[in-house]
Amino acid sequence: MSHADAAARPAPGPVRHGVPGAVSQGVPEGVSLPDQVVLDGSRPLWITHLRPESRRLTLAVVSIARLRERGPHALAELRTRCLTPAETEQAAALRVPRRRMEWLAGRLALKHAVSAHGRRHWDLAREPRTVEVRTVAGGLQAGRPVVDAPVEVGLTHSGDFAVAVCGPHAIGVDLEHDRPMPPSLARVLDQECDPRAPSADARRLAAMPAMLRWTCKEAVLKYYGFGLRIDAGEVALTGWLPDGRFTWRPGGGLLRHAPVAETRRPTGWAGVVAGHHLALVERPVGG
């Protein structure tokens, strides 16, 4: 990762961070979420601060494909350089190579997202290796990532990428690479959609790829920290707007476990990026 030749898309005034070759840069206001995310397997690390600026969200992408190209000694050096002792111990306990690689990519994405966010919003030059990532130990939120910084984080990985997002409020993010969906699941998802609905947003939802609809549901459940411990059927999608936002309605099972203090429904964004389905759920600005 440290010898990466990663580069974000051209834009005025990119800000370089601690990983040589990694670039964090802004995107013009009004650009949709999918247009702000780069999924390029040749770039070891890509970081951006999502627009609009009021969202105060930072997103990092790590290429799992590039990590796979590293030899055992290079990976060991990377773990030593970037992980805390507790994280190094946790990595050693993962016996399945694929899972170990995804786990490492996720930790790197989280650490770089938090470090870049601190530089941007707190003027805090904290090296990614000093960011400690832990997970909730039990309950419905078991496995949800948390960090030793005053931010909330979201993490997802699929195919060749790990994506992390951090910000001041709860976040749910899900990424799924394009692949055939089990017919039974596709039928269940299609039952929620009516291509003849009177609302244009509802008709647009019916035209949304089934995998993207599934990604939206997972992002909502991750926003609450539940993941698939709560039935995805508790998230009923109701529309997909031209700017990429999606609307949804919670079921009773989800409402029983969701924070009672939350009075405004989170905002969801979804789209297709480089053959991957991406959805992000966040608390509304001012919520």
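Structure shown above.
Residues numbered from 1 in each chain as written. Predicted model: local features only at pLDDT ≥ 70, side-chain atom pairs only at ≥ 80, totals over all residues. Heavy atoms only, no water.

Caption draft 1: Main features of the packing of helix H5 (residues 183-191) against helix H7 (residues 210-223). Running from N to C, H5 and H7 point in directions that differ by 75°, and their axes come no closer than 10 Å. Our classification of the angle between H5 and H7 gives roughly perpendicular. For the pair formed by H5 and H7, the contact residues are Leu 185, Leu 189 and Asp 190 on the first element and Ala 210, Arg 213, Trp 214 and Lys 217 on the second. Residue composition of the contact of H5 with H7, by class: 4 nonpolar, no polar and 3 charged. (Axes fitted to C-alpha atoms, helices over the stretch in contact; angles between N-to-C directions. Helix = DSSP H or I, 4+ residues; strand = E, 2+ residues; numbered from the N terminus. Parallel < 35°, antiparallel > 145°, perpendicular 65-115°, else oblique. Contact = heavy atoms within 4.5 Å. Nonpolar A, V, L, I, M, F, W, Y, C, P; charged D, E, K, R; others polar.)

Caption draft 2: Looking closely at the layout of surface pockets. Looking at the largest pocket, its volume works out to about 850 Å³. Along the wall of the largest pocket there are 40 residues; nearest its centre are Gly 143, Arg 144, Pro 145, Leu 155 and Lys 222. For the lining of the largest pocket, the element with the most residues is strand E7 (residues 152-158), which contributes 7 residues. (1 Å grid on protein atoms, 1.4 Å probe; cavity = no way out; pocket = protein on both sides within 12 Å on 5 of 7 lines; lining within 4 Å. Points joined across faces, edges and corners; volume = space filled by probe spheres on them.)

Caption draft 3: Focus on the sheet that holds strand E10 (residues 235-240). Taken together, 5 strands build an open sheet; the order of strands is E9-E13-E12-E11-E10 and the sheet is antiparallel. Looking at strand neighbours, the two that pair on one side only are strand E9 (171-177) and E10, the edges of this open sheet. In this sheet, neighbouring strand axes are inclined to one another by 25° on average, regardless of whether the strands run parallel or antiparallel. Here E9 pairs with strand E13 (residues 276-282) via 7 bridges, running antiparallel. Considered in E13, the bridge of Leu 175 is made with Leu 278. (Pairing = 2+ DSSP bridges.)

Caption draft 4: Structural view of the side chain of Lys 217. Its place among the elements puts Lys 217 in helix H7. Excluding residues within four positions of it along the chain, Lys 217 makes contact with Leu 189, Glu 192, Ala 232, Gly 233, Val 235, Ala 236 and Leu 237.

Caption draft 5: Looking closely at helix H2 (residues 72-82). By the burial criterion, the buried members of H2 are Leu 75, Leu 78 and Cys 82. End-on, the buried residues of H2 take up no more than an arc of 60°, which puts them together on one face. The outward face of H2, more than 90 degrees from its buried face, is lined by the exposed residues Pro 72, His 73 and Thr 80. Lining the buried residues of H2 we find helix H1 (64-68), helix H3 (85-92) and helix H4 (97-121). (Buried < 20%, exposed > 50% of the residue type's maximum accessible area, 1.4 Å probe, protein only. Arc of directions from axis to C-beta.)

Caption draft 6: Focus on the environment of Pro 85. Mapping Pro 85 onto the fold places it in helix H3. With relative accessibility at 69%, the residue Pro 85 sits in the exposed group. Distance from Pro 85 to Glu 132, taken between C-alpha atoms, is 9.6 Å for residues 47 residues apart in sequence.

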